[in-house]
Amino acid sequence: MNKKRNRIVAGNWKMNMTYEDGRDLAMAIIDQLQPSETKVVLCTPYIHLRSVANIVNGISNMFLGAQNCHEAENGAYTGEISAPMLKSVGAHYVILGHSERREFFGETDELLARKVDQALQHGLKPIFCVGEKLEVREAGKHEELVAQQLRNGLFHLKPEQFREVVIAYEPVWAIGTGKTASPEQAQEMHRHIRALVAKKYKQEVADMTSILYGGSCKPSNAVELFSQPDVDGGLIGGASLQAGDFVAIIQSA
Ligand code: PGA
């Protein structure tokens, strides 16, 4: 992990936690957390945003994030949530392009590029997820696929916009499966991503881009993953639902 870049550990609660449980979890995390330079982002379901904003408000290096937003600013889109709405309840980050959104909600790179634009226009930092399925890795096409996801979803941005983006590499075969990428596999892909960013923008931009690893990250493997030179933290699913595990992962960063 490079000291110049922001170290970030983001919890992705996915579709878990009732209102009460979410409040308890956020408070338990705050109680156990030691002050550090690692930025912590809680990406909650929409119903928790306001209450968790009140809990993390004023705590240094703690931020609120959402897990999706609509590509339009407002309008007749029943059941959807827009970037300015997220901003208005205190969100700083929004996860975009998570593989579950791509897989179960048919989100394409082209749609994601529009969501990224919306988020940035309203002052939200996208945590943009990329990653390959198992068959793609087995066919040796994982680097090509991730390059395509970056090109289509992010590389239309101007350098000053790109600086606001956090990238998360999440191999789909590692998400929620207990099968983590090895530290070498993670490093190899993170190095590849950074090289692509350097080629598109500048080395200096690539050097400042935080690239998180996600996929069955837990206290027992976080230290090794985070010690890789191009791994700048993690996007944590299952283990972010237990305050003790999540705090242990944060402390590994
Ligand atoms: P996991 O999920 O940590 O439960 O594998 C990671 C993610 O999907 O962001």
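Overview of the structure. (Residues numbered from 1 in each chain as written. Predicted model: local features only at pLDDT ≥ 70, side-chain atom pairs only at ≥ 80, totals over all residues. Heavy atoms only, no water.)

## Regarding the pairing of strand β7 (residues 211–214)
Counted only if it meets this: Burial status follows relative accessibility: with a 1.4 Å probe on protein chains alone, a residue under 20% of its type maximum counts as buried, one over 50% as exposed, and anything between as partly exposed. Only DSSP runs of H or I covering at least 4 residues are called helices, and only runs of E covering at least 2 are called strands; the numbering of each starts at the N terminus. A pair of strands is considered paired only if DSSP assigns at least 2 bridges between the two. Throughout, right-handed denotes a crossover for which the path from the first strand over the helix to the second runs clockwise when the strands point away from the viewer.
Going residue by residue along β7, you find Ile211 and Tyr213 tucked away on one face and Leu212 and Gly214 tucked away on the opposite face as well. Across three bridges, the pairing between strand β6 (residues 166–169) and β7 is parallel. For Ala168, the partnering residue across the bridge sits in β7 and is Leu212. Bridge count for β7 against strand β8 (residues 233–236) is two bridges, and the pairing is parallel. If you follow Tyr213 over to β8, its bridge partner there is Gly234. A crossover links β7 with its parallel partner β8, the connecting element being helix α11 (residues 219–226), and its sense is right-handed.

## Overview of helix α9 (residues 183–200)
Stated precisely, the cut-off is as follows: One fewer than the residue count of a helix, multiplied by 1.5 Å, yields its expected span.
Along its 18 residues, α9 runs 26 Å from first to last C-alpha, staying within 8% of the 26 Å computed at 1.5 Å per residue. Those residues of α9 not exposed but buried are Pro183, Ala186, Gln187, Met189, His190, His192, Ile193, Arg194, Val197 and Ala198.

## Here we look at the sheet that holds β8
To keep it simple, the criterion reads: For helices, the fitted axis covers only the stretch in contact; all axes are lines through C-alpha atoms, and the angles between them, taken along N-to-C directions, range from 0 to 180 degrees.
Taking strand neighbours around the barrel as the criterion, the eight strands line up as β1-β2-β3-β4-β5-β6-β7-β8 in a closed arrangement whose pairing is parallel. Looking at each pair of strands side by side, their axes are set apart by 25° on average, direction ignored. Pairing between strand β3 (residues 62–66) and strand β4 (residues 93–96): two bridges, direction parallel. Paired with Ala66 across the bridge in β4 is Val94.

## Here's the deal with the packing of α11 against helix α12 (residues 243–252)
Between two packed helices, both the angle of their axes relative to each other and the distance between the axes serve to describe the pair. This is how it is decided: Each angle is binned into one of four classes, with values under 35 degrees roughly parallel, values over 145 roughly antiparallel, values of 65 to 115 roughly perpendicular, and all other values oblique. A crossing counts as left-handed when the near helix is turned anticlockwise from the far one by less than a right angle, and as right-handed when that turn is clockwise. What makes two residues a contact is simply this: any of their non-hydrogen atoms within 4.5 Å. Under the scheme applied here, ten amino acids are nonpolar (Ala, Val, Leu, Ile, Met, Phe, Trp, Tyr, Cys and Pro), four are charged (Asp, Glu, Lys and Arg), and all others, including Gly, are polar.
Two elements in contact, α11 and α12, have axes whose closest approach is 9 Å; the angle formed by their N-to-C orientations is 20°. Classed by the angle they form, the pair α11 and α12 counts as roughly parallel. The hand of the α11/α12 crossing is right-handed. Of the residues in α12, those touching α11 at Pro219, Ala222, Val223 and Phe226 are Asp245, Ala248, Ile249 and Ser252. Across the contact of α11 with α12, the residue classes break down as six nonpolar, one polar and one charged.

## Considering the packing of aromatic side chains
The cut-off we apply is this: Only Phe, Tyr and Trp rings take part, Trp by its six-membered ring, and two of them pair if their centres are within 6.5 Å. Stacked means planes under 30 degrees apart, edge-to-face means over 60, and tilted covers everything else. A positively charged side chain is recorded as over a ring if its NZ (Lys) or CZ (Arg) lies within 6 Å of the ring centre. The angle to the ring normal must also be within 35 degrees.
Counted by the stated rule, this structure contains five aromatic pairs. Measuring from ring centre to ring centre gives 5.7 Å for Phe155 and Tyr201, while their planes differ by 85°; the resulting arrangement is edge-to-face. With Phe155 in the loop between α7 (142–153) and α8 (159–162) and Tyr201 in the loop between α9 and α10 (203–208), the pair connects residues that are 46 residues apart, well separated along the chain. Per residue, the accessibility class of Phe155 equals that of Tyr201, and both read buried. Cluster of aromatic residues (ring-pair linked, three or more members): Phe155, Phe162 and Tyr201. Positioned above the aromatic ring of Phe105 is the side chain of Arg101, whose terminal nitrogen or guanidinium carbon lies 4.0 Å from the ring centre. The positively charged end of Lys200 is found above the aromatic ring belonging to Tyr201, 6.0 Å away from the centroid.

## As for the pattern of salt bridges
Defined as follows: The working definition used for a salt bridge is a side-chain nitrogen of Lys or Arg within 4 Å of a carboxyl oxygen of Asp or Glu.
All chains considered together, the criterion is met by 14 salt bridges. Note that Glu204 is salt-bridged to Arg163, the shortest N-O span being 3.6 Å. Here Arg163 lies in the loop between α8 and β6 and Glu204 lies in helix α10, a separation of 41 residues in the sequence. Classification of Arg163 by relative accessible area gives partly exposed; the value is 44%.

Interpretation note: all reported values are geometric properties and have no functional meaning in isolation.
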